[in-house]
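Structure at a glance
Each chain is listed here by its residues.
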Amino acid sequence: MRSLLVYVSGHGFGHAVRVCTVLRAFRRLRPDVPLVLRTPVPLWFLRAELGEPFASAAVALDVCVVQHDSLSLDPEATLVAATAFLARAPEVVAAEVAAVAHLRPAAVLADIPALAFDVAAELDVPGIGMANFSWDWIYADYARNLPGFRDAIGALRASYARATLLLRLPWHGDLAAFPRIRDLPAVARHATVPRAEVRRRLGLPHHDRIVLLSFGGIGLDLARVVERRGVTYLTTQSAAGSAPPCPYVSNAQMAAAGLRYEDLVAAVDAVITKPGYGIVADCIASGTPMVYTDRGRFAEYPVLVDAIRRHLQHAFVSNADLRAGRWEAALDRAWNSSPPAPGADVSGAEHAARLLASYVCEGNGG
């Protein structure tokens, strides 16, 4: 049986979250098709999100954006890294084709490394993208101040142009580099464990308001958390080199309790975060209020803020107040804000899985 070959950008965990959500739906349709993931996303995270079986290798086909923490982006360092990486693109693609040719993949799914579509084209298999933004669009914003990005943008667009199809997600930017686009509903994770049961399994206070601090795979080292009567703050990310300044729920604890991250998001009373596709989609799917902060210069940010404002009870907190633990006022604004309009359609994983199954079926001669 020919495999589905999957490439995922290692920019935080949001790309991997939605890819694994789609792959779980795909596996329900085609459990016979082997999944091969090639991505710098940590193996423990892939196992938690996707579950066995799958094959994987730590392979990076893009540099994304250089970040020092979840809120600190470095366009200048990104330019240096992207320029150096793309100068080696022909060699990178050739090496990757040689590494995966024996797998005889039926199709390639990518979110959203541009070189993945070169690999697919060289293997003569469909290259299916899934994204709400592409890296040429992110870099185009930086190019207004750093014109050196223009060569990288041109190279990325040439690779994206080799895609067979892009599955375009809501809350998207300019994806005109792709020659063929199909719109999908949002891909989101859905809680399966009731709110009270999540709190019981994790030993969380039943009568407190629970607030989750969520800052993705890159994380954020918060200096302090100001205590508040009747409110319990918690995080699933430990600060590097020190204990987090509030209760910490590890991934091992979550797994031992039979819980997934989306169960926790649905069980809390608010999430404090920086806008990323994964956490925004999860909160919309569960109706969980959000306090969000500025994530630095990243073209996706205003697009996601618009989604937050349309679909969630919400409030903004500045980076300075966030890092200092001064978020009480923002939480009150979020909890007291007007209920949003009806939620967005979050059935995109099933739609994407059916489309992928049709390509794999053709590739396998079925």
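The preceding data block contains the structure.
Anyway, here's the lowdown on the structure attached to this text.

The rules behind each value
- Residues numbered from 1 in each chain as written.
- Predicted model: local features only at pLDDT ≥ 70, side-chain atom pairs only at ≥ 80, totals over all residues.
- Heavy atoms only, no water.
- Helix = DSSP H or I, 4+ residues; strand = E, 2+ residues; numbered from the N terminus.
- Polar contact = N/O pair within 3.5 Å; in protein donor to acceptor, adjacent residues only side chain to side chain.
- Contact = heavy atoms within 4.5 Å.
- Pairing = 2+ DSSP bridges.
- Axes fitted to C-alpha atoms, helices over the stretch in contact; angles between N-to-C directions.
- Buried < 20%, exposed > 50% of the residue type's maximum accessible area, 1.4 Å probe, protein only.
- Expected span 1.5 Å × (residues − 1).
- Arc of directions from axis to C-beta.
- Parallel < 35°, antiparallel > 145°, perpendicular 65-115°, else oblique.
- Nonpolar A, V, L, I, M, F, W, Y, C, P; charged D, E, K, R; others polar.
- Core = buried A, V, L, I, M, F, W, Y, C linked by side-chain atoms within 4.5 Å.

The topology assignment puts His-11 in the loop between strand S1 (4-8) and helix H1 (14-29). Side chain to side chain, His-11 and Gln-67 meet in a polar contact 3.3 Å long. The contact partners of His-11, leaving out residues within four places of it in the chain, are Cys-64, Val-65, Gln-67, Trp-135, Arg-295 and Phe-298.

Further remarks concern the sheet that holds strand S11 (residues 231-235). Sheet architecture is open: 5 strands sit in the order S11-S10-S12-S13-S14, paired in parallel fashion. Strands with a single pairing partner mark the edges of an open sheet, and in this sheet they are S11 and strand S14 (314-316). Averaged over all adjacent pairs, the angle separating strand axes in this sheet is 20°, with direction ignored. Direction of pairing for strand S13 (residues 290-292) relative to S14: parallel, over a ladder of 3 bridges.

The next point concerns the pairing of S11. Counting buried residues in S11 gives 5 out of 5 residues, a clear majority hidden from the surface. Of the two faces of S11, the one lined by Val-231, Tyr-233 and Thr-235 and the one lined by Thr-232 and Leu-234 are each fully buried. Judged from the 5 bridges that link them, strand S10 (residues 209-214) and S11 form a sheet pairing that is parallel. Following the sheet pairing, Leu-212 is matched in S11 by Leu-234.

Next up on the list: the environment of Ile-272. For Ile-272, the position within the fold is in strand S12 (residues 270-273). Here Ile-272 falls in the buried class, since its relative accessible area comes to 0%. Setting aside residues up to four positions removed in sequence, Ile-272 forms contacts with Val-211, Leu-212, Leu-213, Ser-214, Phe-215, Val-291, Leu-322, Trp-327 and Leu-331.

Moving on, we get to helix H7 (residues 149-160). Its 12 residues give H7 an end-to-end C-alpha distance of 16 Å, which sits within 8% of 16 Å, the value for a rise of 1.5 Å per residue. Where H7 is concerned, the buried positions are Phe-149, Ala-152, Ile-153, Leu-156, Ser-159 and Tyr-160. Looking straight down H7, one finds its buried side chains confined to an arc of 125°; they lie on one side. For H7, the exposed residues lying more than 90 degrees away from the buried face are Arg-150 and Asp-151. Buried-residue contacts for H7 involve helix H3 (75-87), helix H5 (115-123) and helix H6 (135-143).

Let's shift gears to the sheet that holds strand S3 (residues 55-57). Strand order in this open sheet of 7 strands is S3-S2-S1-S6-S7-S8-S9, and the pairing throughout is parallel. Edge positions in the sheet fall to S3 and strand S9 (181-183), since each of these pairs with one other strand and no more. On average, each strand axis in the sheet is inclined to that of its neighbour by 20°, with strand direction left out of account. Pairing of S1 with strand S6 (residues 107-111), which is carried by 5 bridges, proceeds in the parallel orientation. Of the residues in S6, the one forming a bridge with Val-6 is Leu-109.

Among the residues making up helix H14 (residues 328-336), those that are buried are Ala-330, Leu-331, Ala-334 and Trp-335. Buried residues of H14 fall within an arc of 135° about the axis and therefore sit on the same side. At its buried positions, H14 is contacted by S10, S11, S12, S13 and S14.

Glancing now at the packing of helix H11 (residues 277-286) against helix H12 (residues 300-311). Where H11 meets H12, the closest approach of the two axes is 11 Å, and the angle between their N-to-C directions is 10°. Relative to H12, H11 is oriented roughly parallel. The segment H11 lies against H12, with Tyr-277, Val-280 and Ile-284 engaging Glu-300, Leu-304, Ala-307, Ile-308 and His-311. Looking at the contact of H11 with H12, its residues break down into 6 nonpolar, 1 polar and 1 charged.

Time to look at the nonpolar core. For soluble globular proteins, nonpolar side chains are generally found buried alongside one another. Grouped together as the largest cluster of nonpolar side chains are 73 residues, with contacts concentrated most on Leu-4, Leu-23, Phe-26, Leu-109, Met-130, Leu-202 and Leu-264. Ranked by size, the runner-up nonpolar core spans 49 residues in total, among them Leu-86, Ile-112, Phe-133 and Ala-163.

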